[in-house]
Amino acid sequence: MRRSVMLSCGSYLPEKVLTNEEMAKIVDTSAEWIEQRTGIKKRHVAAPGQKTSDLATAAAMKALKAANLQGSDIDLIVLATTSPDNTFPATAVTVQDNIGMGGKGFAFDIQAVCSGFIYALATADNFIKAGQAKRALVIGAEHFTNLLDWTDRTTCVLFGDGAGAVILEASDDGKGTKEDRGILSTHLHSEGALRNLLYVDGGPSSTRTVGHVKMNGKEVFRHAVTRMSEAIVEAMQANKVTAEDVRWLVPHQANKRIIDATAEKLHLTPEKVVVTVQDHGNTSAASIPLALSTAVEDGRIQRGDLILMEAMGGGLTWGAALARW
Ligand code: UT7
């Protein structure tokens, strides 16, 4: 059975770090409030002129190096972002050029906000399973801080910039069981009636401006725990695995309280959960591949480990993916 095997991952964070203490000088907040309510201690902020494609390219190059591959070895790029370089073309085509893929294969963007990486992973996995791609770069990259209203303390303290990438490769070695390496299943959902809970108040066809993030935090929080728990159960049931079988939960990093509540609801003990929100803030589509890269690089995630990824974001969109690393 054909599977998309995860060959490697890589990540990039901009140099500039903005601590909670520095944030308290920008807006009416306190370092304690941010840490207690969200778990965030600091976030990275892209330099002026540093584009989403730059962050994405840096992460992609690290993933390529880790797999001992070159850009020309890739035939598909699926890039999840909510902060593209331009309205068009897709940021993915700039990355295609930057990594030296030439005119080989194809590259496109996906917009599912904080669920973007799960959507991109599912899309690339399906292209590989359908035989339309052999080796895919799946990227989550955000210059999200450019979407923030820096006078709105209810949103600007939460987000950061960064990028993460994963390389998938078609393999026919799978036996069609949960012991196979690679993506075992993906599960995507959305509910458009809830789009006004988290959105940007601008765009080409409405205001002709970029706009700023608006969020009903309490409602989003409530939905996040419920929806992500449902997606996790769906992924576990589809593969007949239990919480004990899962080695690592690599969740979207929006709020430590959301991560803790979701893990507790599903009896996933804290030692199994990869948490990076304290260092990165919420990097939207980049958060899962950033967390994954952190845990692979520090040696926590080992070959053969069963990993469960989940996210929820604006739309509302949500989903989960179960994979054997
Ligand atoms: O990636 C997916 C999308 N995002 C999320 O998943 C985020 C989901 N939501 C959350 O994480 C939380 O709802 C927040 C962190 C955004 C807010 O936490 P909360 O515990 O729900 O706080 P709250 O909105 O109920 O606000 C409590 C109080 C309010 O004051 P009053 O009305 O009680 O006097 C707020 O005005 O905290 C105040 N507040 C702040 N105080 C200091 C709100 N933001 C801040 C702030 N600093 N930055």
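Residues numbered from 1 in each chain as written. Predicted model: local features only at pLDDT ≥ 70, side-chain atom pairs only at ≥ 80, totals over all residues. Heavy atoms only, no water.

K.L.:
Before we go on, may I ask you to explain the sheet that holds strand β13 (residues 317-324) in this structure?
P.N.:
Strand order in the open sheet made by the 4 strands is β8-β13-β12-β11, with mixed pairing throughout. The sheet is open, and its two edges are formed by β8 (182-190) and β11 (248-251), each paired on a single side. For this sheet the average axis-to-axis angle between neighbouring strands, irrespective of direction, equals 15°. Sheet analysis places β11 next to strand β12 (residues 306-313), joined by 4 bridges and oriented parallel. When the bridges of β12 are listed, leucine 249 appears paired with leucine 308. Running over the sheet, helix α5 (residues 116-129) touches β8, β12 and β13 and is turned about 125° from β8. (Pairing = 2+ DSSP bridges. Helix = DSSP H or I, 4+ residues; strand = E, 2+ residues; numbered from the N terminus. Axes fitted to C-alpha atoms, helices over the stretch in contact; angles between N-to-C directions. Contact = heavy atoms within 4.5 Å.)

K.L.:
Quick question: what am I supposed to make of the site of the ligand here?
P.N.:
Taken together, 22 residues form the shell around the ligand, and within it Thr29, Arg37, Lys218, His252 and Asn255 come nearest. Taking 950 Å² as the accessible area of the ligand by itself, protein coverage stands at 73%. Secondary structure elements with two or more residues in the shell around the ligand: α2 (31-38), α6 (153-156), α7 (217-238) and α8 (256-265). Ranked by the residues each element gives to the shell around the ligand, the list is headed by α7, at 4 residues. Residues of the shell around the ligand, tallied by class, amount to 11 nonpolar, 7 polar and 4 charged. Two domains share the shell around the ligand, each providing at least three of its residues, namely domain 1 (3-171) and domain 2 (182-276 + 290-324). (Near = heavy atom within 4 Å. Areas by Shrake-Rupley, 256 points an atom, 1.4 Å probe, with all protein chains shown as cover. Nonpolar A, V, L, I, M, F, W, Y, C, P; charged D, E, K, R; others polar. Domains from an automatic or database assignment.)

K.L.:
I'm lost on the pattern of salt bridges in this one. Help?
P.N.:
If charged atoms from side chains of opposite charge come close, those side chains can pair. Following the criterion strictly, the structure yields 12 salt bridges and no others. Among the ionic pairs, arginine 153 bridges to aspartate 28, the shortest N-O distance being 3.6 Å. Of this pair, arginine 153 sits in helix α6 while aspartate 28 sits in the loop between α1 (20-26) and α2; the two residues are 125 residues apart in sequence, bridging distant segments of the chain. Classification of arginine 153 as partly exposed rests on a relative accessible area of 46%. Taking the relative accessible area as the measure of exposure, aspartate 28 reaches 58% and is therefore exposed. Residues aspartate 279 and lysine 42 are paired through a salt bridge, measuring 3.9 Å at the closest nitrogen-oxygen approach. (Salt bridge = Lys/Arg side-chain N within 4 Å of Asp/Glu carboxyl O. Buried < 20%, exposed > 50% of the residue type's maximum accessible area, 1.4 Å probe, protein only.)

K.L.:
Just checking my understanding: could you explain a negative patch on the surface for this structure?
P.N.:
A cluster of like negative charges, contributed by Glu21, Glu22, Glu32 and Glu35, occupies part of the molecular surface. Those elements that provide at least two residues to the negative patch are α1 and α2. By the element assignment, glutamate 21 lies in helix α1. (Patch = residues over 30% accessible without salt bridge, like charges linked within 9 Å, V, L, I, M, F, W, Y side chains within 5 Å. Lys, Arg positive; Asp, Glu negative; His and termini not counted. Charge placed at Lys NZ, Arg CZ, Asp CG, Glu CD.)

K.L.:
How should the packing of aromatic side chains be read in this particular structure?
P.N.:
Note on aromatic pairs: each is described by the distance of the centres and the angle between the planes. Scanning all chains against the criterion turns up 4 aromatic pairs. On the basis of an interplanar angle of 10° and a centroid distance of 6.3 Å, the ring pair of phenylalanine 106 and phenylalanine 108 is categorised as stacked. Under the relative-accessibility criterion, phenylalanine 108 is labelled partly exposed at 22%. Ring geometry for phenylalanine 144 versus phenylalanine 159: centroids 4.4 Å apart, planes at 20°, classification stacked. In this pair, phenylalanine 144 is assigned in the loop between β6 (135-142) and α6 and phenylalanine 159 in the loop between α6 and β7 (162-171), connecting sequence segments 15 residues apart. For the pair phenylalanine 144 and phenylalanine 159, one class covers both residues: buried. Ring pairing ties together the aromatic residues Phe106, Phe108 and Phe127, which thus form one cluster. Positioned above the aromatic ring of tryptophan 248, the side-chain terminus of arginine 247 is 4.3 Å from the ring centre. (Phe/Tyr/Trp six-rings, centres within 6.5 Å; stacked < 30°, edge-to-face > 60°. Lys NZ or Arg CZ within 6 Å of the ring centre and 35° of its normal.)

K.L.:
Before we go on, may I ask you to explain α7 in this structure?
P.N.:
Each full turn of the α-helix corresponds to 3.6 residues, which orients residues three or four apart in the same direction. Look at α7: 31 Å from first C-alpha to last across 22 residues, which is about the 32 Å you get at 1.5 Å a residue. The set of residues buried in α7 consists of Val220, His223, Ala224, Val225, Arg227, Met228, Ser229, Ala231, Ile232, Ala235 and Met236. Note on α7: the residue one or two positions beyond its end, lysine 240, has a positive phi of about 50°. (Expected span 1.5 Å × (residues − 1).)

K.L.:
Sorry if this is basic, but what is going on with the sheet that holds strand β4 (residues 76-80) here?
P.N.:
Strands belonging to one sheet form pairs held by backbone hydrogen bonds; the direction of such a pair is parallel or antiparallel. With mixed pairing, the 5 strands of this open sheet are ordered in space as β1-β7-β6-β4-β5. Whereas interior strands pair on both sides, the edge strands pair on one side only; in this sheet they are β1 (3-12) and β5 (106-110). Across the sheet, the axes of successive neighbouring strands diverge by a mean angle of 20°, strand direction being ignored. Direction of pairing for β4 relative to β6: parallel, over a ladder of 5 bridges. By the bridge assignment for β6, isoleucine 77 is matched with leucine 137. Across the sheet, helix α3 (residues 52-66) is in contact with β1, β4, β6 and β7; its angle to β1 comes to roughly 125°.

K.L.:
Which parts of the structure should I look at to understand the domain arrangement of the protein chain?
P.N.:
By a frequent convention, interface size equals the accessible area lost on bringing the separate parts together. Each assigned domain of the protein chain is listed with its residue range as follows: domain 1 (3-171) and domain 2 (182-276 + 290-324). Computed from C-alpha coordinates alone, the two centres of domain 1 and domain 2 are separated by 15 Å. If you look at the interface, domain 1 gives 41 residues, while domain 2 gives 39 residues. Across the interface of domain 1 and domain 2, roughly 2,900 Å² is buried in total on both sides, 65% from carbon and sulfur atoms. In this assembly, domain 1 and domain 2 are joined by 0 salt bridges. Those elements that provide at least two residues to the side of domain 1 that touches domain 2 are β1, α2, α5, α6 and β7. Ranked by residue count, the leading element in the side of domain 1 that touches domain 2 is β1, at 10 residues. Here the side of domain 1 that touches domain 2 is built from residues that sort into 23 nonpolar, 13 polar and 5 charged. (Buried area = accessible area lost by both parts, 1.4 Å probe.)

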